[in-house]
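Commentary on secondary and tertiary structure
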Amino acid sequence: MEYRVYRRWQDLPEAVEADVMRLLEEAFPEEERREAAEMRRLLGSSSLELLTVQEGGRAQGFLMLWNLQDMVFLENFAVAPPLRGKGMGAEILEYVWEHWGKPMLLEVEPPEGELQRRRIGFYERNGFYLNRYPYRMPCLRGNGPSLPLLLMSRPTPLTDGQARQAARRLYREVYAGKPAPELP
């Protein structure tokens, strides 16, 4: 498997772009993923980067991440279904930790169901901490309601004050142009 980082959408081979878009649509509900045109615009004009894991010129997994000044925010992360549960996700997270060398932050759904608890457990096994600070992600498409999520951080948990600061920063730098939900 080969890791490739793209900082401009036009550098993606067509097959890799198709794989990333298919994995993104399979793994995330519409309100949690950006429209293709917005992703194309952001990749190359912001700190958004696309990490892919490829084999034979095809993407087997990807991670959209924001390479911010003092942290990496993981926006969308997916692995091809036949490779799930085989360690690839953990390898990708470790690759980011080793190559970007910054604290990492991501959003997860609250642990209300089995799938959400398993996802949180996966991140916890990979060095992340679940922060209980109430957080809302702006809807990424249209004018839908914000989504109640939680922040996970690596290498340490966040205090409520740090989580509030991180949320403000995400609204300003990652979700610029989206209506920012009220913070507690």
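Numbers given to residues run from 1 along each chain, matching the order in which its sequence is written. A pLDDT threshold of at least 70 governs which residues receive local features in this predicted model, and a stricter bar of 80 or more applies before side-chain atom pairs are shown or counted, although totals over entire chains, interfaces and linings include all residues. Computation of side-chain values covers all heavy atoms of the structure but excludes hydrogens and water.

**Some thoughts on the overall build of the chain**
Numbering of helices and strands runs from the N terminus; a helix is a DSSP stretch of H or I covering at least four residues, while a strand is a stretch of E covering at least two. When helices and strands are tallied, the chain shows five helices and seven strands. The helix and strand sequence of the chain, counted from the amino end, reads β-α-α-β-β-β-α-β-α-β-β-α. The C-alpha radius of gyration computed for the chain amounts to 16 Å, which stays within 12% of the reference 16 Å derived for 184 residues, consistent with globular compactness. Structurally, the chain occupies a C-alpha span of about 45 × 35 × 30 Å along its principal axes. In this description the radius of gyration comes from C-alpha coordinates, and the expected globular size is given by 2.2 Å times residues to the power 0.38.

**With respect to the packing of aromatic side chains**
By convention, a stacked pair of Phe, Tyr or Trp rings (six-membered ring in the case of Trp) has centres within 6.5 Å and planes under 30 degrees apart, an edge-to-face pair has planes over 60 apart, and any other such pair is tilted. The full count for this structure, using the stated rule, is seven aromatic pairs. Arranged with centres 5.6 Å apart and planes meeting at 75°, the rings of Y123 and F128 form a pair that is edge-to-face. For the pair shown, Y123 and F128 are each scored as buried. Three or more aromatic residues link up through ring pairs in this structure, and these residues are F77, F122, Y123 and F128. A 1.4 Å probe rolled over the protein chains alone gives each residue an accessible area, and that area as a share of the maximum for its type sets the label: buried under 20%, exposed over 50%, partly exposed in between.

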